[in-house]
Amino acid sequence: MGIEDKKEIETLMNIVINQIPSYTNMINSEHWDVNLDDCILGMVYHSFVVKSTDYLNNKRIDNKQETNAESTFEMMNLISEVFNDRLADIKQEIISSLNS
């Protein structure tokens, strides 16, 4: 996985971050009895991991690359790295969305 993959994963992260207001509206409209920050962060994480994993798995299939433990760990490491790098942005967007 190279720079192109990381850029695509970062783009997926931007898409997921832009969904935070929708997640906030959904939770508020349903009146869920949950910790809003944790719930929204969980929704962001889940959505990001699903989108990123789908992208990387489809790319592996298209390129006829072998799937093994090492490639799976490499994929998950990239996804975790991008998520962790953007954690401050995610938290700020959650706070902003909850305060609006």
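It should be noted that the structure appears before, not after, this text.
Described in the following lines is the structure provided in the data block. Quantities reported herein were computed from a predicted structural model and do not represent experimental measurements.

## Details of the packing of helix α2 (residues 20-30) against helix α5 (residues 87-99)
Part 1 of the reasoning: For the pair α2 and α5, interaxial distance at closest approach is 9 Å and the crossing angle is 45°. The orientation of α2 relative to α5 falls into the category oblique. α5 is crossed by α2, and the crossing has right-handed handedness. Residues Ile 20, Pro 21 and Thr 24 of α2 form the contact with α5, whose participating residues are Ile 90, Glu 93, Ile 94, Ser 97 and Leu 98.

## Digging into helix α4 (residues 69-85)
Part 1 of the reasoning: Here α4 is 17 residues long and its end C-alpha atoms lie 24 Å apart, about the 24 Å a rise of 1.5 Å per residue gives.
Part 2 of the reasoning: Three or more residues of α4 are buried, namely Ser 71, Met 75, Leu 78, Ile 79, Val 82 and Phe 83. Viewed along the axis of α4, the buried residues span an arc of 130°, placing them on a single side of the element. In this structure, α4 carries Ala 69, Glu 70, Phe 73, Asn 77, Asn 84 and Asp 85 as exposed residues pointing more than 90 degrees from its buried face.
Part 3 of the reasoning: The opening residue of α4, the one whose side-chain oxygen lies 3.1 Å from the backbone nitrogen of Glu 70, is Asn 68.

Parameters and conventions
- Residues numbered from 1 in each chain as written.
- Predicted model: local features only at pLDDT ≥ 70, side-chain atom pairs only at ≥ 80, totals over all residues.
- Heavy atoms only, no water.
- Axes fitted to C-alpha atoms, helices over the stretch in contact; angles between N-to-C directions.
- Helix = DSSP H or I, 4+ residues; strand = E, 2+ residues; numbered from the N terminus.
- Parallel < 35°, antiparallel > 145°, perpendicular 65-115°, else oblique.
- Left-handed = near helix turned anticlockwise from the far one by under 90°.
- Contact = heavy atoms within 4.5 Å.
- Expected span 1.5 Å × (residues − 1).
- Buried < 20%, exposed > 50% of the residue type's maximum accessible area, 1.4 Å probe, protein only.
- Arc of directions from axis to C-beta.
- Polar contact = N/O pair within 3.5 Å; in protein donor to acceptor, adjacent residues only side chain to side chain.

Function cannot be inferred from these measures alone, as they are strictly geometric.
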